[in-house]
Amino acid sequence: MAVADLVLVGTVLTMDPQAPVAEAVAVAGGRIAYVGERGGVDAHIGSGTRVLELAGEVALPGFHDAHVHLTQHGVELSQLDLSSTRSVGEAVARIAERSRRTPAGGWILAGGFALQRWGETTLGADARALLDAATPDRPVLVRSQDHHSAWANGAALRLAGVGHHTLDPANGTIVRDGGGAPTGLLLERALELVWRCVPAPTPAELRAALAAAGADLARRGVTTVHHMAYEPPSYWRELAAAASQETYPLRVWACVPQEDIEHAAALGVATGQGGERFQVGGAKFFADGALGSRTAWMLEPYAGGGSGVSVDGPEVLAERFPLAIAAGLTPVTHAIGDAANRAVLDALERTAAAWRAAGMRPRIEHAQHLHPDDVARFGRLGVTASMQPVHLTFDVDSVHDLLPDREARAYPMRALLETGARLAFGSDTPVAEPDVLAGLRAACDRAGPAGRALAPGQALEPLQALAAYTTGAAHGIAWEHRSGKLARGFDADLVVLSHDPRRSLEDLSVRATFLAGRQTFSA
Ligand SMILES: [Zn+2]
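Analysis parameters
Residues numbered from 1 in each chain as written. Predicted model: local features only at pLDDT ≥ 70, side-chain atom pairs only at ≥ 80, totals over all residues. Heavy atoms only, no water. Helix = DSSP H or I, 4+ residues; strand = E, 2+ residues; numbered from the N terminus. Rg over C-alpha atoms; globule rule 2.2 N^0.38 Å. Buried < 20%, exposed > 50% of the residue type's maximum accessible area, 1.4 Å probe, protein only. Lys, Arg positive; Asp, Glu negative; His and termini not counted. Charge placed at Lys NZ, Arg CZ, Asp CG, Glu CD. Donors = N, O, S within 2.8 Å, 3.2 Å for Na, K, Ca; no water. Salt bridge = Lys/Arg side-chain N within 4 Å of Asp/Glu carboxyl O. Pairing = 2+ DSSP bridges. Axes fitted to C-alpha atoms, helices over the stretch in contact; angles between N-to-C directions. Parallel < 35°, antiparallel > 145°, perpendicular 65-115°, else oblique. Left-handed = near helix turned anticlockwise from the far one by under 90°. Contact = heavy atoms within 4.5 Å. Nonpolar A, V, L, I, M, F, W, Y, C, P; charged D, E, K, R; others polar. Core = buried A, V, L, I, M, F, W, Y, C linked by side-chain atoms within 4.5 Å. Arc of directions from axis to C-beta. Expected span 1.5 Å × (residues − 1). Phe/Tyr/Trp six-rings, centres within 6.5 Å; stacked < 30°, edge-to-face > 60°. Lys NZ or Arg CZ within 6 Å of the ring centre and 35° of its normal.

To continue, consider the overall build of the protein chain. Helix and strand content of the protein chain: 18 helices and 21 strands. For 523 residues, the compact-globule estimate of 2.2 N^0.38 gives 24 Å, and the protein chain sits close to it at 23 Å. Expressed as a percentage of the 523 residues in the protein chain, the buried residues total 57%. In the protein chain, 46 side chains carry a positive charge and 58 a negative one; their mean positions are 3 Å apart.

What follows concerns the coordination of the zinc ion. Protein-derived ligands of the zinc ion are His67 (NE2), His69 (NE2) and Asp428 (OD), with the metal-ligand distances lying across 2.0 to 2.2 Å. The class of His69 is buried, set by a relative accessible area of 13%.

Below, the discussion takes up the pattern of salt bridges. Under the counting rule described, the total for this entry stands at 29 salt bridges. Between Glu57 and Arg511 there is a salt bridge, with its nearest N and O atoms 3.8 Å apart. Residue Glu57 is located in strand 4 (residues 50-61), and its partner Arg511 is located in strand 20 (residues 510-515); the two are separated by 454 residues in the primary sequence. Among the residues examined, Arg511 registers a relative accessible area of 37% and is labelled partly exposed.

Right, let's talk about the sheet that holds strand 1 (residues 6-13) for a bit. A sheet is described by the order of its strands in space; here 7 strands give the open sequence 3-2-1-4-19-20-21, paired in mixed fashion. Unpaired on one side and paired on the other, strand 3 (31-36) and strand 21 (518-522) mark the two borders of the sheet. Averaged over all pairs of adjacent strands, the angle between strand axes in this sheet comes to 35°, irrespective of strand direction. The pairing of strand 20 with strand 21 spans 4 bridges and is classified as antiparallel. Bridged to Ala512 within strand 21 is Ser522.

Running from N to C, helix 3 (residues 88-100) and helix 4 (residues 127-134) point in directions that differ by 40°, and their axes come no closer than 8 Å. Classified by the interaxial angle, the pair formed by helix 3 and helix 4 is oblique. Of the two possible hands of crossing, helix 3 and helix 4 adopt the one that is right-handed. Counting all contacts with helix 3, which are made through Val88, Val92, Ile95, Ala96 and Ser99, the residues of helix 4 involved are Leu130, Leu131 and Ala134. Residue composition of the contact of helix 3 with helix 4, by class: 7 nonpolar, 1 polar and no charged.

The subject of this paragraph is the environment of Leu486. Note that Leu486 resides in the loop between helix 18 (471-476) and strand 19 (494-497). Residues Leu486 and Leu345, spaced 141 residues apart in sequence, show a C-alpha to C-alpha distance of 33 Å. When residues no more than four places from it in sequence are discounted, the contact partners of Leu486 are Val12, Leu13, Thr14, Val25, Ile32, Val35, Ala59, Leu60, Pro61, Asp493 and Leu494.

This part is about the nonpolar core. Across soluble globular proteins, you tend to see nonpolar side chains buried next to one another. Leu70, Phe378 and Phe425 are the most contacted members of the largest nonpolar core, which totals 87 residues. Apart from the residues within four sequence positions on either side, Phe378 is in contact with Asn341, Leu345, Ile364, Ala367, Leu370, Val383, Thr384, Ala385, Leu416 and Ala421. Formed by 19 residues, the second largest nonpolar core is a distinct cluster that contains Leu82, Val88, Leu123 and Ala127.

Moving on to the pairing of strand 9 (residues 149-152). Both faces of strand 9 are covered, namely the face carrying Ser149 and Trp151 and the face carrying Ala150 and Ala152. Judged from the 3 bridges that link them, strand 8 (residues 140-144) and strand 9 form a sheet pairing that is antiparallel. Among the inter-strand pairings, Arg143 is bridged to a residue of strand 9, identified as Ala150. Adjacent in sequence and paired antiparallel, strand 8 and strand 9 are bridged by 4 residues, among which His147 carries a positive phi angle near 65°.

Turning to helix 4, its buried residues are Ala127, Leu131 and Ala134. All buried residues of helix 4 lie within an arc of 55° about the axis, which places them on one face of the element. Contact partners of the buried residues in helix 4: helix 3, strand 8, strand 9 and strand 11 (182-188).

Before going further, it helps to spend a moment on the side chain of Thr333. On the secondary structure map, Thr333 appears in strand 15 (residues 331-335). Setting aside anything within four residues of it in sequence, one finds Thr333 in contact with Phe285, Ala287, Phe321, Val344, Arg363, Ile364 and Glu365.

Across its 13 residues, helix 11 (residues 338-350) extends 18 Å between first and last C-alpha, which sits within 8% of the 18 Å expected from 1.5 Å per residue. Every buried residue of helix 11 is listed here: Asp338, Ala339, Ala340, Asn341, Ala343, Val344, Leu345, Ala347 and Leu348. As for helix 11, its buried residues are in contact with helix 10 (314-326), strand 15, helix 12 (352-357), strand 16 (363-366) and helix 13 (372-381).

On to the packing of aromatic side chains. Any aromatic ring pair is given by two values, namely how distant the centres are and how the planes are angled relative to each other. Counted according to the given criterion, the structure contains 8 aromatic pairs. Centre to centre, the rings of Phe113 and Trp118 are 5.6 Å apart; their planes meet at 25°, and the pair counts as stacked. Classification of Phe113 as buried rests on a relative accessible area of 4%. Between the aromatic rings of Trp236 and Phe278, the centroid separation amounts to 5.6 Å while the plane-to-plane angle is 80°, which identifies the pairing as edge-to-face. With Trp236 in helix 8 (residues 233-243) and Phe278 in strand 14 (residues 278-286), the pair connects residues that are 42 residues apart, well separated along the chain. With relative accessibility at 27%, the residue Trp236 sits in the partly exposed group. Taken together, Phe63, Phe425 and Tyr469 form an aromatic cluster joined through their ring pairs. The side chain of Arg482 reaches across the aromatic face of Trp479, ending 3.9 Å from its centre.

Attention now goes to the sheet that holds strand 13 (residues 251-257). Spatial ordering of the open sheet is given by 5-12-13-14-15-16-17-18, a layout of 8 strands whose pairing is parallel. Of all strands in the sheet, those bounded by a partner on one side alone are strand 5 (63-68) and strand 18 (423-425). Each strand of the sheet is rotated relative to its neighbour by a mean of 25°, with strand direction disregarded. Note: strand 17 (residues 384-387) against strand 18, 3 bridges, orientation parallel. Bridging from a neighbouring strand, Ala385 pairs with Leu423 of strand 18. On the sheet, helix 8 packs against strand 12 (222-227), strand 13 and strand 14 and is oriented at approximately 155° with respect to strand 13.

This brings us to unusual backbone geometry. Looking along the chain, the bond that leaves Thr429 and enters Pro430 is cis, with omega of 10°. Mapped onto the elements of the fold, Pro430 is located in the loop between strand 18 and helix 16 (436-445). Backbone geometry places Met15, a non-glycine residue, at a positive phi of 60°. Turning to its location among the elements, Met15 is positioned in the loop between strand 1 and strand 2 (21-28). With a relative accessible area of 12%, Met15 lands in the buried category. For Ala229, which is not glycine, the phi dihedral falls at a positive 65°. You can call Ala229 buried: its relative accessible area is 3%.

Encoded structure:
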């Protein structure tokens, strides 16, 4: 019997339905060597074994964050964060303050622009001028909370060559005033017109960003992330290199953009390749936009009109899901509106024989607004619903305003579970903070910032929500044989919480995180 490197003694929630609670865990060589009664662990303890007695604390499998943009999260940790600002004025003041500390000509990049939170419906024709007053010479680009729109000043628009005569790009809008001049607001793909002028981070900056992102997720109890692509190739290169190191605090399953299926196929790059720490993920598709910018594609119009947009529409899905599957790449598709979700389910139904034969686990990212006829299709087909509970807290007011007749259908987590679907939970960081404990609370109380709950009948029990961050997410990447549970032979990825989450999710905190038995965070 192997002498353990690490032993934890106390309450252990294994997330294994066969034996849900244990009294001790032993770790040897990066794997779980023992889970069970306290008496049985003594045989694993040697002179070099670190023994941790949990006093009221509880050990669980390390969390998965099933939807992240990892490098971008790290990059944004160094940028100006406006997500706590309560008004346009406060945001502009923070930008002016940052400008004073930015060298002449240097870019000011910020995130967390959210009209809803600022109590505004529009910035009107003055959007650019508000920023120009704060900093006329340094280019400013402020991304929205959902990353589907941005707010730029005159200097940024000038550098990007965006003016009166610039045409709207496909799937994007340059918002204009009555005279046709850009107001500074850029929707969907139009923000790339400015974004592509921002100097790319250097490899050293990317390595620092990845280290910061890894540390940030480790302190939230996360040990595995599902990375959702749509980052530049230079980011992938550093991400793959960093996450292949034994010292990196996360395991990474990293998707490729669907536009690159042909490149992946030409090279033979396919889902599941790699090692135990870094693996190639699926092919990421985008079926629609997002709710806040009314670009989520809906079957019926929003209150106030419009039904959103389809991005990778039904024709693209019909043509490219078979290409992805033939290349060995699992389809992973962003779908927020009910029309988008239906289109993806239809396309997955038509290709089911092929992806089942290949042993794939197709998934829909977000699955936020579902027509009741489509809910049971997730379970029936075997499509993972990869959802972000914290998003529902931002969306309470938007759903109320834009979909007042469809509030009860928003984020139907309980209905999905009851009809046999598997849930995988994540954060979509940097769109939302990768705070697993906030996600658990949101899934269980469904409460927005003002206390109003969104479709409270869809609330989960704590153990159901925990399963979506552990076993459900592990199944979503076909890692159920090694991850998501504390069972003998599984990866020794663990988190220690301050108290039993089954008792209460209030005042819960992460005390320690371990990856392959190595401590990656200590409170
Ligand atoms: Zn995302």
